[in-house]
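Analysis of the macromolecular model
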Amino acid sequence: MVFTTIIILIVVLIIAAIFINAFQQHRAKLEAERRAEVAKQRAVIDETENVIMACNTMPISPRMMQVLHTRVLNALKVLNELNPSTEVAQRIKDAEQRTQEDDTGGSTAEFALPENDKLIIQYIQAVKKLRVLLRSEHSKGKVDTKTFIEEDKQLERLQLKVNVETLTRRGRAAMQSNMLGSARQYFEKAVAALENQTQQDDYIVSRIATLKEWLQDIQSNLKNANAQDRARKKEEERDELDELFAPKKKW
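Quantities reported herein were computed from a predicted structural model and do not represent experimental measurements. (Residues numbered from 1 in each chain as written. Predicted model: local features only at pLDDT ≥ 70, side-chain atom pairs only at ≥ 80, totals over all residues. Heavy atoms only, no water.)

Another point: the overall build of the protein. Looking only at helices and strands, the protein has seven helices and zero strands in total. Mapped from its N terminus to its C terminus, the protein presents α and β elements in the order α-α-α-α-α-α-α. Every one of the 251 residues in the protein was classed for burial, and the buried ones make up 29%. Long-range pairs, those at least 24 residues apart, make up 68% of the contacts in the protein with a sequence separation of at least 6. Carbon and sulfur atoms make up 54% of the accessible area of the protein, which amounts to about 17,300 Å² in all. (Helix = DSSP H or I, 4+ residues; strand = E, 2+ residues; numbered from the N terminus. Buried < 20%, exposed > 50% of the residue type's maximum accessible area, 1.4 Å probe, protein only. Contact = heavy atoms within 4.5 Å. Areas by Shrake-Rupley, 256 points an atom, 1.4 Å probe, with all protein chains shown as cover.)

Shown next as structure tokens:
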């Protein structure tokens, strides 16, 4: 009887140990998932706030800014549920205030191409990131299809404008350095990018006209340069012939 009782106690202890271990593993798993989700939401907030800062010098619509601020707000709410704190609660209030601001006005920033290549690359990366975030929010149902299409089209045009204006600036610099071949390549790339657009607006039409005018000037300059080269070579050949058939001097 005593032996049976001992066996039963041992079995109970083993089962209890198994349940305790399973419970601890489950809690550890939940805690790991919580920490991973906290890190994810913090990354979303940091990423979006960095993009918002980059938008200060970009012609981004207030509606697009609302999408970004709402993304931050939603991430903060999730973060507060997972890891409540007074700091996060205050940030939620601030974010709610920003999302309630009027979004019917136009863009407050005008397009201005950055001065150096490094800043241009950062500008392009910011535009690409905006399109990725917009697509992500649309896939989650946070942005309606009409808004997504309109805002993505604006960002696509902004990306085109950065590309074209960069090529144009490099082409003009090449012209000033009398590197006409390089300038022509830059301008032709810009024209091709503009002509590939299915919807032509005033900017595209005007830029194509200007670029083609510069291409005609380059073509004329190249023709003149080639004509001058041919004339110079012909003159050099004539001088060589004159020297060859000139009467020999008697000494």
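So, on to unusual backbone geometry. Phi at Asn-178 takes a positive value of approximately 65 degrees, unusual for a residue other than glycine. Take Asn-178: it is sitting in the loop between α5 (145–176) and α6 (180–195).

This paragraph deals with the environment of Lys-142. Relative to the helices and strands, Lys-142 resides in the loop between α4 (117–139) and α5. Sequence-distant contacts of Lys-142, defined by excluding residues within four places in its chain, comprise Asn-74 and Glu-137.

Evaluated as defined, the whole model comprises 16 salt bridges. One salt bridge in this structure joins Glu-137 and Lys-140, with 3.7 Å as the shortest N-O distance. Among the charged side chains, a salt-bridge network with shared partners connects Glu-47, Arg-71, Lys-129, Glu-137 and Lys-140. (Salt bridge = Lys/Arg side-chain N within 4 Å of Asp/Glu carboxyl O.)

Now for the side chain of Gln-41. Here Gln-41 is to be found in helix α1 (residues 2–54). With relative accessibility at 10%, the residue Gln-41 sits in the buried group. Not counting the four nearest positions on each side in its chain, Gln-41 is found in contact with Ala-75, Val-78 and Leu-79.

All right, on to α1 then. Given a rise of 1.5 Å per residue, 53 residues ought to cover 78 Å, and the 77 Å separating the end C-alpha atoms of α1 matches this to within 8%. Looking only at α1, the buried set comprises Val-38, Gln-41, Val-44, Ile-45, Thr-48, Val-51 and Ile-52. Its buried side turned inward, α1 meets α2 (62–82), α3 (86–99) and α4. (Expected span 1.5 Å × (residues − 1).)

Attention now moves to the packing of aromatic side chains. Here the structure, examined in full by the defined rule, presents two aromatic pairs. For the ring pair Phe-187 and Trp-214, a centre distance of 5.3 Å and an interplane angle of 35 degrees mean the geometry is tilted. Taken as a pair, Phe-187 in helix α6 and Trp-214 in helix α7 (residues 202–245) lie far apart in primary sequence, 27 residues in all. With a relative accessible area of 0%, Phe-187 lands in the buried category. Above the plane of the ring of Tyr-203 lies Lys-161, whose end atom (NZ or CZ) is 4.7 Å from the centre. Between Arg-172 and the ring centre of Trp-214, over which it is positioned, the NZ or CZ distance is 4.2 Å. (Phe/Tyr/Trp six-rings, centres within 6.5 Å; stacked < 30°, edge-to-face > 60°. Lys NZ or Arg CZ within 6 Å of the ring centre and 35° of its normal.)

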